[in-house]
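Close look at the chain arrangement
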Amino acid sequence: MQFNELDYTRLNSFCSPDTLGFSNTGEIEPLEGIMGQKRAVDAFDFGLQVKNKGYNIYMSGPAGVGKTTYAKLRTEQVASMERVPYDWCYVYNFDNPRNPIALRFEPGVGRQFKDDMNELVVIFESEIQKAFNTDDYEKQKNEILKSFDDKRDEKMRAMGEAAKEHGFAVKNTNAGIYFMPIVEGEAVNEEQYEKLSEEVKEKINRESDVIQEIAACIMRDIRESDRECRKAIDDLDYKVGMFAIGHHVNAVQEKYKEYDRVLKYIEAVQEDVLENIDQFAPAESEEDETVGALLPMLAKKQPEDVTLKYKVNLIIDNSKTDGAPVVIDFNPTYYNLVGELEYDSEFGNLTTDFMKIKAGLFHKANGGYLILQANDVLSSPFSWETIRRVVKTREISMESMREQVGGIVAPTLKPEPIPVNVKVIIIGSAYYYEMLREYDDEFDKYFKILADFDYEMKRDAQNVKDFARFIRSYTDKEKMLPFDAGAVARLVEYASRIAEKQNKLSTRFNRISEILCEGEAWAHMNGDRIVTAEHIIKAVDEKERRVRLYEEKLNEMFDEDVILIDTTGKKVGQINGLAVMDMGSYSFGNPSKITATTYVGKSGIVNIEKEAQMSGPTHNKGVQVITGYLGQTYAQEFPLSLSCRICFEQNYNGIDGDSASSTELYCILSSLSGLPINQELAVTGSVNQYGQIQAIGGVTYKIEGFFDLCKKRGLTGTQGVIIPESNINDLVLKKEVVEAVKDGLFHIYPINHIDEGIELLTGVPAGKTGKNGKYPPSSVNGLVMKRLREYYKKSSGETQARR
């Protein structure tokens, strides 16, 4: 019986150094940009150019394809051609101190304004003290005080004369003014008053009412006079203060006359200074300083605290910025995104002020670009909600989260929101993209651009050339040794192996760069000045050896027959299946024994893995497909009366995937027909309900896994693997396997239908229906049909007997 066998030339697509056109990478130009991602690059570049609201970008794709590197480089290129954004400051709000005011300036002007205000405060302190220490000020103040003192004295004399006329004397004490009655020329006290006659007391009371009314009028006049005195002094202080600082304030206002809000703020500063002119008085006395030293809580604020509200908190300074900002961050917490209000602890109390407002990532990226990782955003509480709110409202609003999350209640400020114009670029996997679209109804509204990066690219002449140029650019950037053409050819083959396709190259450049670095390390250790193919092969082998512990332990169990699997002989209802163990950065093939038992019954096919809760949904689906095939093929004339149990023997880790569905079907057919299966062959492939063999993943590792086992036990020359024909282009087998196939020591059989596979495994034709609709009796299908008919008759007979 002749079977189609793959020629060794189709087992890998080796790269010849002679086709590259150079002897080493020092002869070629370095690559600029990114290769093999035209669709994603076009989408990303388009997203950068569209400045309308909602055109933020999500960069999707597997890790290690260069998304972050490209995003940074390309965005910086675009940003360098754009205008420098505004400076932003926070200043004190004199109308509502809990709401600091945000001021916007042209780039570099914010720092000038901060310096000008600091200088102005220094002028306030010096000029005001100088103006109020002059003889002229003291003279004017004394004249006002003397004028009002004279008026007060005159009022007091009038009060004394009125009291005397009504028989009272005026007594001044610290507690106030008292009237004492005069009897026979002498003032009487309370004790003497009690001894007076009722007639005299009555007269004194009448006169007392009169003088109290007169005194009340006079005291009102005195208090009004005192208020007028204080106002006159305040007016004098205002006039003197304005004379001292007015022209300095006018000079600053003239400098910032184009900024209306700044002019209003400077005017508010001037009014506050003039209204609180006494805060710029000379330093406190030694006695006050002594009290302050002994009782700090009673001490007055330090001079710098007096002028704090006139300072400027420059949170964004673009004086030295070129182009628009590009901010990349890997810790986008809530406070990192929108800024934070810091606190000080004074005697156990938390205090804060507008000078402790700190800028967040959105402040720093305002007018430019903010690049974040999806995983970082979604793993930080409130981060996604914050980003969503900012891109929706286009303003940065700083709010404390401490009270909302049950933290310590502390005095807080609510700074004025700052308008923001930032293009947000989020980098992540397709999983996170779909999750955001699923759980946020407005995600598509605000992230309109998807730059979807592929995990592979075509292996054509241009991409191979660009691949070599990538190696040159990477070695230049890392200051590495050059790579010769042989090393580049091996790296091209390695990139195809990662992609698991002969006609593709992997775009997971992080894995390729690891081999670049490790290959150069081996060259250095050998004392070579150029990296060769031998160094690359060594790097790949050593990298795999470092993570091969689990594979070696499994191989030991194969060698010691702890795990039972045959590579010679024939057995009924037993077959060698192939699986792939994925260890993250390393995968390997793992042969396993699959068994099937069949008997009379109606339970159908029972998946033992499923019953033991060790089977995934895709594997369960594959078992149901087998039931469909059996029904389609054998149950057209009578119903199936079959009980079957299939099992992955010695499987303790669970299993998923449908790549073993054809293998399980072969095992069932062997059990039903009684025909033994050749244990020198291992099988992989998915089957549909019509018996067609479908492609599966990891075919290279599966073949190599069985080959390694056969090699250890001794190649017989008749061992091999059955694979789907549609997987031929996915073969990137190691040179050792290719050589074994070339020498006829190992065989790879591609098939399209289950009938081809069962013939290979049993050596018996599958059999096709004749004109009478029957299978040949000695064929596999004929034997299976015969056994199923017997099961049906027995099952029907038992049913009738019970009746």
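Some points on the overall build of the protein
Each helix and strand counted, the protein has 27 helices and 30 strands in total. The C-alpha atoms of the protein give 47 Å as radius of gyration, which overshoots the globular expectation for 803 residues (28 Å, by more than 25%). The principal-axis extents of the C-alpha atoms in the protein amount to approximately 155 × 85 × 50 Å. Every one of the 803 residues in the protein was classed for burial, and the buried ones make up 47%. For the protein, the proportion of contacts with a sequence separation of at least 24, taken over those separated by at least 6, is 77%. Summing over all exposed atoms, the protein offers an accessible surface of approximately 41,400 Å²; the carbon and sulfur share of this is 49%. Across the protein, 99 positive and 127 negative side-chain charges occur, with their mean positions spaced 9 Å apart.

Digging into the nonpolar core
Within the largest apolar cluster, 44 residues are counted, with the highest numbers of intra-cluster contacts made by Leu630, Tyr634, Tyr666 and Ile668. Looking at this core, the elements that each hand over two or more residues are strand S22 (587-600), helix H22 (617-634), strand S24 (642-648), helix H23 (661-673), strand S26 (681-683), strand S30 (747-751), helix H26 (754-762) and helix H27 (780-802).

Here's the deal with the sheet that holds S24
Here seven strands make up an open sheet; going across it, the order is S23-S24-S22-S21-S26-S29-S30 and the pairing mixed. Every other strand in the sheet has two partners, leaving strand S23 (604-607) and S30 as the edge strands with one partner each. Between one strand axis and the next, the sheet turns by 30° as a mean value, whatever way the strands run. Against the sheet, H22 contacts S23 and S24, and its axis sits at roughly 165° relative to S23.

Some words on the pairing of strand S1 (residues 57-60)
Side chains Ile57 and Met59 project from S1 onto one buried face, and the interleaved Tyr58 and Ser60 project onto a second face that is buried too. Across four bridges, the pairing between S1 and strand S16 (residues 423-428) is parallel. From the neighbouring strand, Ser60 faces S16, where its bridge partner is Gly428. Pairing of S1 with strand S17 (residues 449-452), which is carried by four bridges, proceeds in the parallel orientation.

Some details on the environment of Asn463
Structurally, Asn463 can be placed in helix H16 (residues 461-477). Each C-alpha atom of the pair Asn463 and Pro107 lies 44 Å from the other, and the pair is 356 residues apart in sequence. Once you skip the residues sitting within four places of it in the chain, Asn463 turns out to touch Met35, Met457, Lys458 and Leu505. At 2.7 Å, the side chain of Asn463 and the backbone oxygen of Lys458 are in polar contact.

Some words on the pattern of salt bridges
All chains considered together, the criterion is met by 36 salt bridges. With a shortest N-O distance of 2.7 Å, Glu442 and Arg388 are connected by a salt bridge. In this pair, Glu442 is assigned in the loop between helix H14 (430-439) and helix H15 (443-446) and Arg388 in helix H13 (residues 383-393), connecting sequence segments 54 residues apart. In the salt-bridge network here, residues are joined through shared partners; they are Arg388, Lys392, Asp440 and Glu442.

A word on the environment of Asn172
As for its placement among the helices and strands, Asn172 is situated in strand S4 (residues 168-173). Asn172 gets classed as exposed once you look at its relative accessible area, which sits at 54%. Non-local contacts of Asn172, meaning those with residues more than four positions away in its chain, are made with Met156 and Ile177.

Details of the side chain of Glu680
Mapping Glu680 onto the fold places it in the loop between strand S25 (677-678) and S26. Of the buried charged residues, Glu680 lacks a salt bridge, with Lys570 as the closest side chain of opposite charge at 8.2 Å. Of note is the side chain of Glu680, whose polar atom sits 3.0 Å from the side chain of Thr716.

Quick word on the sheet that holds strand S2 (residues 87-91)
Strand order in the open sheet made by the three strands is S3-S2-S7, with antiparallel pairing throughout. Sheet topology places strand S3 (101-105) and strand S7 (313-316) at the edges, where each strand pairs with a single neighbour. Averaged over all pairs of adjacent strands, the angle between their axes in this sheet comes to 30°, without regard to strand direction. With five bridges connecting them, S2 and S3 associate as antiparallel partners. Pairing of Trp88 across the sheet is with Arg104, part of S3. Running over the sheet, helix H3 (residues 109-132) touches S2, S3 and S7 and is turned about 30° from S2. Sheet contacts for helix H7 (residues 260-275): S2 and S3; angle to S3, the most-contacted strand, approximately 130°.

Focus on the packing of aromatic side chains
Counted according to the given criterion, the structure contains 30 aromatic pairs. Relative to Phe746, the ring of Phe707 lies with its centre 5.2 Å away and its plane at 90°, an arrangement referred to as edge-to-face. Here Phe707, found in helix H24 (residues 699-713), pairs with Phe746, found in the loop between helix H25 (735-742) and S30; they are 39 residues apart in sequence, far enough to count as distant. In terms of burial, Phe707 and Phe746 fall into one category: buried. Of the aromatic side chains, those joined through ring pairs into one cluster are Tyr92, Phe94, Phe105, Phe113, Phe124, Tyr256, Tyr259, Tyr265, Tyr310 and Phe354. The ring of Tyr55 has Lys448 lying over it, and the distance from NZ or CZ to the ring centre is 5.8 Å. The positively charged end of Lys538 is found above the aromatic ring belonging to Trp522, 4.9 Å away from the centroid.

Topic: the packing of H3 against helix H6 (residues 198-255)
Between two packed helices, what matters for the description is the angle formed by their axes and the separation of those axes. It is the contact of H3 with H6, at a shortest axis distance of 10 Å, that shows an interaxial angle of 160°. Between H3 and H6, the crossing angle belongs to the class labelled roughly antiparallel. The two elements H3 and H6 meet at a crossing, and its hand is right-handed. Of H6, the residues touching H3 (which contributes Gln112, Asp116, Leu120, Ile123, Phe124, Glu127, Ile128, Ala131 and Phe132) are Asp237, Val240, Gly241, Ala244, Ile245, His248, Val249, Val252 and Lys255.

Structural notes on a negative patch on the surface
Among the surface-exposed residues, Glu552, Glu556, Asp559, Glu560 and Asp561 lie close enough to one another that they form a single negatively charged patch. Using a relative accessible area of 57% as the deciding quantity, one classes Glu560 as exposed.

A look at the confidence of the model for the protein
Averaged over every residue, the pLDDT of the protein is 87; the share at 70 or more is 93%. Of all the helices and strands in the protein, helix H8 (residues 286-294) carries the lowest mean pLDDT, 48, while strand S13 (residues 369-373) carries the highest, 97. This model gives residues 284-288 a pLDDT under 50, and the stretch forms two contacts once residues within four places in sequence are excluded.

Concerning helix H20 (residues 549-559)
Restricting attention to buried positions, one finds in H20 the residues Glu551, Leu554 and Phe558. The buried residues of H20 occupy one face: seen down the axis, they fall within an arc of 65°. Buried residues in H20 make contact with S22 and H24. Following H20 by one or two positions, Asp561 has its phi on the positive side, about 60°.

Some words on the side chain of Lys309
The topology assignment puts Lys309 in the loop between helix H9 (303-306) and S7. Engagement of the side chain of Lys309 in a polar contact is seen with the side chain of Asp272, the distance being 3.0 Å. Sequence-distant contacts of Lys309, defined by excluding residues within four places in its chain, comprise Tyr92, Phe94, Tyr265, Asp272, Asn276, Gln279 and Phe354.

A few points about the packing of H16 against helix H18 (residues 509-525)
Where H16 contacts H18, the axes come no closer than 11 Å and their chain directions differ by 60°. Between H16 and H18, the angle falls in the class oblique. Crossing hand, H16 versus H18: right-handed. Of the residues in H18, those in contact with Phe467, Phe470, Ile471 and Tyr474 of H16 are Phe509, Ile512, Ser513, Leu516 and Cys517. Taken together, the residues of the contact of H16 with H18 sort by class into eight nonpolar, one polar and no charged.

Concerning helix H17 (residues 485-499)
The end-to-end C-alpha separation of H17 is 21 Å, in line with the 21 Å expected for 15 residues at 1.5 Å each. Most of H17 is tucked away: 14 of the 15 residues are buried. Put simply, Asp484 is the residue that caps the front of H17, since its side-chain oxygen is 3.1 Å from the backbone nitrogen of Gly486. One or two positions beyond H17, positive phi appears at Glu500, with a value near 60°.

Definitions and limits used
Residues numbered from 1 in each chain as written. Predicted model: local features only at pLDDT ≥ 70, side-chain atom pairs only at ≥ 80, totals over all residues. Heavy atoms only, no water. Helix = DSSP H or I, 4+ residues; strand = E, 2+ residues; numbered from the N terminus. Rg over C-alpha atoms; globule rule 2.2 N^0.38 Å. Buried < 20%, exposed > 50% of the residue type's maximum accessible area, 1.4 Å probe, protein only. Contact = heavy atoms within 4.5 Å. Areas by Shrake-Rupley, 256 points an atom, 1.4 Å probe, with all protein chains shown as cover. Lys, Arg positive; Asp, Glu negative; His and termini not counted. Charge placed at Lys NZ, Arg CZ, Asp CG, Glu CD. Core = buried A, V, L, I, M, F, W, Y, C linked by side-chain atoms within 4.5 Å. Pairing = 2+ DSSP bridges. Axes fitted to C-alpha atoms, helices over the stretch in contact; angles between N-to-C directions. Polar contact = N/O pair within 3.5 Å; in protein donor to acceptor, adjacent residues only side chain to side chain. Salt bridge = Lys/Arg side-chain N within 4 Å of Asp/Glu carboxyl O. Phe/Tyr/Trp six-rings, centres within 6.5 Å; stacked < 30°, edge-to-face > 60°. Lys NZ or Arg CZ within 6 Å of the ring centre and 35° of its normal. Parallel < 35°, antiparallel > 145°, perpendicular 65-115°, else oblique. Left-handed = near helix turned anticlockwise from the far one by under 90°. Patch = residues over 30% accessible without salt bridge, like charges linked within 9 Å, V, L, I, M, F, W, Y side chains within 5 Å. pLDDT = per-residue confidence, 0-100. Arc of directions from axis to C-beta. Nonpolar A, V, L, I, M, F, W, Y, C, P; charged D, E, K, R; others polar. Expected span 1.5 Å × (residues − 1).

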